[in-house]
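# Close look at the chain arrangement
As a plain string of letters, each chain reads:
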Amino acid sequence: MKKLLCTSLASLVIIGFALTACKKNNESSSRLMVRLTDAPVNFQEVNVDIQQVRVKFSDDTASANGWVDLATKAGIYNLLGFQNGVDTLLASGTFPLQIVKEIRFILGPNNTIKDNNIVYPLTIPSGSESGLKIKVNKSLQADLTSLIIDFDAALSVTKEGPGDYKLRPVLKIK
């Protein structure tokens, strides 16, 4: 009798584990976090005025033109403060599981560069109107999805003349 009881109990435990292992993940949304980092560069500061972060999904019906605003920590970010493995959270939001096609940074007017202890305006030829876009094509997962954007200041900033600096962003997903 003891042997039958132990065998039955063991069978129930095995069936319980099997049912738990086969249980489908019913998660239908994911928290998306967009983080910012940078590679080293020879300027003292590269300040970018980030006002809004938007994301475009494969399903373009979410809003006008498929762009959705994330909860953004707007402000002026010195890219050089995010080097050597340091990053910062720029924006986040919770969305149904889908494909992130693009991310767009909407910039404000207060972009500057500090070179040889002098602060100069940093102009962005087309970024101030349409924002800075990066192609992503990444599926959101049921758990947290964090995208780290490497804003490569060394490749992005060019000196056009005395005191004339342009930002032509080179953005990469890390």
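What counts, and where the lines are drawn
Residues numbered from 1 in each chain as written. Predicted model: local features only at pLDDT ≥ 70, side-chain atom pairs only at ≥ 80, totals over all residues. Heavy atoms only, no water. Helix = DSSP H or I, 4+ residues; strand = E, 2+ residues; numbered from the N terminus. Buried < 20%, exposed > 50% of the residue type's maximum accessible area, 1.4 Å probe, protein only. Polar contact = N/O pair within 3.5 Å; in protein donor to acceptor, adjacent residues only side chain to side chain. Pairing = 2+ DSSP bridges. Contact = heavy atoms within 4.5 Å. Salt bridge = Lys/Arg side-chain N within 4 Å of Asp/Glu carboxyl O.

### Quick look at the side chain of Ser92
- The topology assignment puts Ser92 in strand 6 (residues 88-96).
- On the basis of relative accessible area, Ser92 is assigned to the buried category, the value being 10%.
- Engagement of the side chain of Ser92 in a polar contact is seen with the side chain of Arg31, the distance being 2.9 Å.

### Section: the sheet that holds strand 11 (residues 145-151)
- Overall, mixed pairing links the 5 strands, which are arranged 4-6-1-11-14 in an open sheet. The sheet terminates laterally at strand 4 (71-72) and strand 14 (171-173), the two strands that pair on one side only.
- Here strand 11 pairs with strand 14 via 3 bridges, running antiparallel. Looking at the pairing, Asp150 lines up with Lys172 of strand 14.

### Points about the environment of Leu90
- For Leu90, the location among the structural elements is in strand 6.
- On the basis of relative accessible area, Leu90 is assigned to the buried category, the value being 0%.
- Distance in space between the C-alpha atoms of Leu90 and Tyr77 is 9.6 Å, their sequence separation being 13 residues.
- Not counting residues within four places of it along the chain, the set of residues in contact with Leu90 comprises Val34, Arg35, Leu36, Ile50, Val53, Ala71, Thr72, Lys73, Tyr77 and Phe105.

### Points about the environment of Ser139
- Following the sequence through the fold, Ser139 ends up in strand 10 (residues 132-139).
- Linking Ser139 and Leu97, residues 42 residues apart in sequence, is a C-alpha distance of 7.4 Å.
- Ignoring sequence-local partners within four residues, the contact set of Ser139 consists of Gln98 and Ile99.

### Here we look at the pairing of strand 8 (residues 112-115)
- Of the two faces of strand 8, only the one carrying Ile113 and Asp115 is buried; Thr112 and Lys114 on the other face are not.
- Sheet topology places strand 2 (residues 45-57) next to strand 8; 3 bridges connect them, and they run antiparallel. When the bridges of strand 8 are listed, Glu45 appears paired with Lys114.
- Relative to strand 9 (residues 118-123), strand 8 runs antiparallel, the two being bridged by 4 bridges. Note that in strand 9 the partner of Ile113 across the bridge is Tyr120.
- Counted along the chain from strand 8 to the antiparallel partner strand 9, the turn is 2 residues long, and its residue Asn116 has a positive phi close to 55 degrees.

### Here's the deal with the pattern of salt bridges
- Under the criterion given, the structure shown has 6 salt bridges.
- A salt bridge links Asp69 to Arg54, with the nearest nitrogen and oxygen atoms 2.6 Å apart. Of this pair, Asp69 sits in strand 3 (residues 67-69) while Arg54 sits in strand 2, placing them 15 residues apart in sequence.
- Overall, Asp69 belongs to the partly exposed group, its relative accessible area being 43%.
- Residue Lys135 is joined to Glu102 by a salt bridge in which the shortest nitrogen-to-oxygen separation is 3.7 Å. Of this pair, Lys135 sits in strand 10 while Glu102 sits in strand 7 (residues 99-107), and the two are 33 residues apart along the sequence.
- A relative accessible area of 61% places Lys135 in the exposed class.
- In this structure Glu102 comes out as buried when scored by relative accessible area, which is 11%.

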